[in-house]
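So the chains spell out like this:
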Amino acid sequence: MQSNLYVTNLSYNVDGDALRTHFGSCGDVVAADIIMDRETGRSRGFGFVEMSNPEQAQKAIETLHDQPLGGRALGVALARPRK
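Residues numbered from 1 in each chain as written. Predicted model: local features only at pLDDT ≥ 70, side-chain atom pairs only at ≥ 80, totals over all residues. Heavy atoms only, no water.

Per an unreviewed UniProt entry, the recorded name for the chain is RNA-binding protein, and the organism is Comamonas suwonensis.

**Q** Sorry, what's going on with the overall build of the chain here?
**A** Counting its secondary structure elements, the chain contains two helices and six strands. Order of helices (α) and strands (β) in the chain, N terminus to C terminus: β-α-β-β-α-β-β-β. On C-alpha atoms alone, the chain measures out to a radius of gyration of 12 Å, which is about the 12 Å that the 2.2 N^0.38 rule sets for 83 residues. C-alpha atoms of the chain, sized along the principal axes, occupy 35 × 30 × 20 Å. Residue burial in the chain is summarised as follows: out of 83 residues, 36% are buried. Excluding contacts between residues fewer than 6 apart, the proportion of contacts in the chain whose partners are at least 24 apart in sequence is 62%. Counting only carbon and sulfur atoms, one obtains 46% of the accessible surface of the chain, whose full area is about 5,300 Å². (Helix = DSSP H or I, 4+ residues; strand = E, 2+ residues; numbered from the N terminus. Rg over C-alpha atoms; globule rule 2.2 N^0.38 Å. Buried < 20%, exposed > 50% of the residue type's maximum accessible area, 1.4 Å probe, protein only. Contact = heavy atoms within 4.5 Å. Areas by Shrake-Rupley, 256 points an atom, 1.4 Å probe, with all protein chains shown as cover.)

**Q** I keep staring at the layout of surface pockets and nothing clicks. Help me out?
**A** In this approach the atoms are scanned with a rolling probe the size of a water molecule, which exposes any empty space left behind. By volume, the largest pocket is sized at about 210 Å³. Around the largest pocket, the lining residues are Gln 2, Asn 4, Ala 31, Asp 33, Ile 35, Phe 48, Val 49, Glu 50, Ala 79, Arg 80, Pro 81 and Arg 82. For the lining of the largest pocket, the elements supplying multiple residues, two or more each, are strand S2 (29-36) and strand S3 (43-51). Classifying every residue of the lining of the largest pocket by side-chain character gives six nonpolar, two polar and four charged. (1 Å grid on protein atoms, 1.4 Å probe; cavity = no way out; pocket = protein on both sides within 12 Å on 5 of 7 lines; lining within 4 Å. Points joined across faces, edges and corners; volume = space filled by probe spheres on them. Nonpolar A, V, L, I, M, F, W, Y, C, P; charged D, E, K, R; others polar.)

**Q** For this particular structure, what's the right way to read the nonpolar core?
**A** Most often, soluble globular proteins have nonpolar side chains that are buried together. Core analysis: the largest hydrophobic core is formed by 19 residues, its most contacted members being Leu 5, Leu 19, Phe 23, Val 49 and Met 51. For this core, the secondary-structure elements that each account for two or more residues are strand S1 (4-8), helix H1 (16-24), S2, S3 and helix H2 (54-64). For this core, the element with the most residues is H2, which contributes four residues. If near-sequence neighbours (up to four positions away) are discounted, Val 49 is found in contact with Ser 3, Asn 4, Leu 5, Val 7, Leu 19, Phe 23, Val 29, Ala 31 and Ala 32. (Core = buried A, V, L, I, M, F, W, Y, C linked by side-chain atoms within 4.5 Å.)

Written out as structure tokens, the structure is:
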């Protein structure tokens, strides 16, 4: 099982540090990245969080899916591997 998570429905006010802190409650966060629009420089409303192991990733899914961050309920799922 992998430990990379796809996070959706992010508020435009949430930054990488806030995402890292929020997911830190479930374990060690290796990386937290919010995808930005190239033209506007604004968040596209989704990002990726890499946890240090699959067990922590599963805990984050169970704990944080549909929980609020920045006024919006997050969607948290395993990220699909790049093709």
